[in-house]
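Analysis of the macromolecular model
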Amino acid sequence: MTESTSHAPPDVDRLLDARDLETLKGVLAAMPQSDVASLLAERSEADQVILFRLLDKDRAIEVFEQLDVDQQRRLLEGFTEERAREVIASLDPDDRARLLDELPAKVAKRLLQALPPAAREATATLLGYPEQTAGRIMTPEYVDLRATMTAGEALARIRAIGLDRETIYTCFVVDATRHLLGTVSLKDLVLAPPGALVAGLMTPNPVSARTEDDQEEVARLLSRHDLLAVPILDREGRLVGIVTVDDVVDVLEAEATEDIYRMGAVETGDASYFRAGIGSAVRQRIGWLLLLLATNTLTSQIISSQADLLTVSVVLAAFIPLLTASGGNVGAQSSTVVIRGLAVQELSWKRAPATLLREGAVGLLIGLALGALAFGWAAWLSGSLAVAAVVGGTLVVVTTLASLTGTLLPLVFARLGLDPALMSTPFITTVVDVVGVLLYFAMARVVLERLH
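Residues numbered from 1 in each chain as written. Predicted model: local features only at pLDDT ≥ 70, side-chain atom pairs only at ≥ 80, totals over all residues. Heavy atoms only, no water.

Topic: unusual backbone geometry
Despite not being glycine, Arg 178 has its phi angle at roughly 70°, a positive value. Note on placement: Arg 178 falls in the loop between strand 2 (170–174) and strand 3 (180–185). Arg 178 gets classed as partly exposed once you look at its relative accessible area, which sits at 30%. Even without a glycine there, the phi angle at Asn 205 is positive, about 50°. Along the chain, the position of Asn 205 falls in the loop between strand 4 (203–204) and strand 5 (209–210). The exposed category is assigned to Asn 205, whose relative accessible area is 73%. (Helix = DSSP H or I, 4+ residues; strand = E, 2+ residues; numbered from the N terminus. Buried < 20%, exposed > 50% of the residue type's maximum accessible area, 1.4 Å probe, protein only.)

Given below as structure tokens:
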């Protein structure tokens with residue numbers, strides 16, 4: 001859930017402190033559900049339980065479903081066993097499965113066993129699918145119709161079952177064995193003559209996904225085809241559930257968060273980074289940093305091995321930070337745009353050669369501009385055109401290579417079926433640092449030895 005400024009009326013805190021629960025109940029009843037959810041997220045766990053208990057049953061469930069899973073879990077910990085079972089049973093199957101999946105195994109099993117048989121079976125089915133797949137996030141609560149129904153009969157069925165369904169705006173037409181035939185919108189059913197057959201109103205062969213498909217791919221399907229819901233089929237092609245827009249919003253947020261963390265060389269954890277303890281935050285960040293520290297020792301070794309060259313021209317050391325920082329920044333820019341392009345499917349391995357040529361040209365032009373500036377700066381600072389030529393020339397080469405490296409590595413990882421976000425900014429920067437220092441001293445040795 002996105003954090004925001006407080007949506008609560010100014011007297012909520014005063015009412016909480018005074019425990020004026022009757023007045024507070026009226027205040028909460030007048031607030032939009034989203035504002036109540038934000039209010040809960042901003043309060044302590046003890047106050048969350050108090051506020052939640054002041055909501056009527058239906059409104060409480062609607063507010064609960066708007067909280068993120070971590071907030072739901074913490075709120076449940078303050079409930080009695082009976083209240084926890086009541087809340088869990090009232091959730092939609094997909095929301096229930098998502099929450100139970102985050103609870104300790106013993107607690108989840110106990111709550112699952114306490115559900116009514118139908119709800120328990122539906123939830124257990126969803127939990128049986130692999131994590132991060134369409135089957136895990138879908139809901140079995142959809143409106144199914146038959147092709148032989150009339151529009152009037154279809155609307156009567158929607159009125160009969162629609163209240164408990166995830167969405168009624170898109171209905172799914174199936175045969176006797178639940179194989180998907182098509183989809184029909186509520187708008188088309190309402191505007192059609194009552195006697196018109198659903199078969200004539202439906203869109204045949206709709207876009208669909210399989211239960212084992214990655215949840216991120218399903219999110220892309222919804223976005224690419226501008227759909228309200230995607231039907232999910234099992235291995236036999238039978239309709240077993242749907243994934244709706246509100247389901248994939250959570251997926252996209254989670255995937256974006258994971259990619260951002262990885263691009264910053266932070267290991268993703270089960271809980272929010274800012275709600276995790278200090279020890280957990282350190283563990284999430286230190287793994288990559290230790291690896292990068294070990295890699296950066298190569299840079300130190302390279303510099304140490306060039307002691308004789310630095311003795312001849314000590315001013316060379318002054319420009320090492322300039323070269324490594326510039327190369328790292330260019331590589332980070334390239335990797336960022338490529339990872340983003342892969343994430344939204346603007347790029348693919350087929351376009352790798354063209355992308356490399358383009359980013360290589362961009363890196364070269366940037367390098368020429370930066371190299372010219374660095375040449376002038378180095379000439380003024382060192383008083384040596386030879387040193388200036390080494391600095392400017394190295395910067396051109398390093399910038400070009402950094403752009404190519406930042407482009408190629410994410411593409412290679414995507415080709416291998418790995419997450420391209422693993423080619424994080426710190427990793428690219430470290431690689432470019434090592435290569436840049438090697439090139440710098442190699443070029444300096446060639447130029448300065450010829451002059452001497």
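Some details on the packing of helix 3 (residues 33–42) against helix 4 (residues 45–53)
Taken N-terminus to C-terminus, the directions of helix 3 and helix 4 make an angle of 155°; their axes are 8 Å apart at the nearest point. Between helix 3 and helix 4, the interaxial angle falls into the category roughly antiparallel. Contacts between helix 3 and helix 4 pair Leu 39, Leu 40 and Ala 41 from the former with Gln 48, Leu 51 and Phe 52 from the latter. Looking at the contact of helix 3 with helix 4, its residues break down into 5 nonpolar, 1 polar and no charged. (Axes fitted to C-alpha atoms, helices over the stretch in contact; angles between N-to-C directions. Parallel < 35°, antiparallel > 145°, perpendicular 65-115°, else oblique. Contact = heavy atoms within 4.5 Å. Nonpolar A, V, L, I, M, F, W, Y, C, P; charged D, E, K, R; others polar.)

Considering the nonpolar core
Ranked by size, the top nonpolar core spans 38 residues in total, and within it Leu 24, Leu 28, Phe 52, Phe 64, Leu 76, Ile 88 and Leu 99 carry the most contacts. Ignoring anything within four residues of it in the chain, the contact list for Leu 76 reads Phe 64, Ala 84, Ile 88, Leu 99 and Leu 103. Among the nonpolar cores identified, the runner-up in size contains 20 residues, and Ala 388, Val 390, Val 391 and Val 437 belong to it. (Core = buried A, V, L, I, M, F, W, Y, C linked by side-chain atoms within 4.5 Å.)

Side note on the sheet that holds strand 3
Pairing is mixed in the open sheet, where 4 strands are placed in the order 1-2-3-4. Both outer strands of the open sheet, strand 1 (144–145) and strand 4, are each paired with one neighbouring strand and no more. Relative to strand 3, strand 2 runs antiparallel, the two being bridged by 5 bridges. Bridge assignment links Val 174 to a residue of strand 3, and that residue is Leu 180. (Pairing = 2+ DSSP bridges.)

Quick look at helix 15 (residues 215–225)
Considered for burial, the residues of helix 15 that qualify are Gln 215, Glu 216, Val 218, Ala 219, Arg 220, Leu 221 and Leu 222. The N-terminus of helix 15 is capped by Asp 214, whose side-chain oxygen sits 2.7 Å from the backbone nitrogen of Glu 216. One or two steps after helix 15, the chain reaches Asp 226, where phi turns positive at roughly 55°. (Polar contact = N/O pair within 3.5 Å; in protein donor to acceptor, adjacent residues only side chain to side chain.)

Regarding a nonpolar patch on the surface
A cluster of nonpolar side chains, contributed by Tyr 169, Leu 228, Val 245 and Val 249, occupies part of the molecular surface with about 370 Å² of accessible area. Within the fold, Val 249 resides in helix 16 (residues 245–263). (Patch = residues over 30% accessible without salt bridge, like charges linked within 9 Å, V, L, I, M, F, W, Y side chains within 5 Å. Areas by Shrake-Rupley, 256 points an atom, 1.4 Å probe, with all protein chains shown as cover. Salt bridge = Lys/Arg side-chain N within 4 Å of Asp/Glu carboxyl O.)

A few points about the environment of Leu 100
Mapped onto the secondary structure, Leu 100 falls in helix 8 (residues 93–102). Using a relative accessible area of 3% as the deciding quantity, one classes Leu 100 as buried. With residues up to four places along the chain from it excluded, the contact list for Leu 100 reads Ile 88, Ala 108, Leu 111, Leu 112 and Thr 123.

A closer look at the environment of Val 397
For Val 397, the position within the fold is in helix 21 (residues 385–415). Spatially, the C-alpha atom of Val 397 lies 7.1 Å from that of Gly 367, the residues being 30 residues apart in sequence. Excluding its chain neighbours within four sequence positions, the residues that come into contact with Val 397 are Leu 439 and Met 443.

Details of helix 2 (residues 21–30)
Inspection of helix 2 places Leu 24, Val 27 and Leu 28 among the buried residues, and these make up the whole buried set. Buried residues in helix 2, looked at end-on, bunch into an arc of 95°, giving them a common side. Exposed residues pointing more than 90 degrees away from the buried face of helix 2 are listed as Glu 22, Ala 29 and Ala 30. Buried residues in helix 2 make contact with helix 1 (12–18), helix 3, helix 4 and helix 5 (57–66). (Arc of directions from axis to C-beta.)

Quick notes on the sheet that holds strand 7 (residues 239–244)
Read from one edge of the open sheet, 3 strands run 5-6-7, paired in mixed fashion. With one partner strand each, in any of the chains shown, strand 5 and strand 7 form the two edges of the open sheet. The sheet contact formed by strand 5 and strand 6 (residues 229–233) spans 2 bridges and is parallel. In the sheet register, Arg 210 faces strand 6, and the bridge partner there is Leu 233. The sheet strands contacting helix 15 are strand 5, strand 6 and strand 7, and the helix crosses strand 6 at an angle near 135°.

Examining the packing of aromatic side chains
Taken as a whole, this structure holds 5 aromatic pairs when the rule is applied. When the centroid spacing of 6.1 Å and the interplanar angle of 85° are considered together, the rings of Tyr 142 and Phe 172 count as edge-to-face. Note that Tyr 142 is positioned in the loop between helix 11 (134–137) and strand 1 and Phe 172 in strand 2, a separation of 30 residues in sequence. Residue Tyr 142 shares its accessibility class with Phe 172, and that shared class is buried. Members of the aromatic cluster, connected to one another through ring pairs, are Phe 52, Phe 64 and Phe 79. The aromatic ring of Phe 79 is capped on one face by Arg 83, whose charged end is 6.0 Å from the ring centroid. (Phe/Tyr/Trp six-rings, centres within 6.5 Å; stacked < 30°, edge-to-face > 60°. Lys NZ or Arg CZ within 6 Å of the ring centre and 35° of its normal.)

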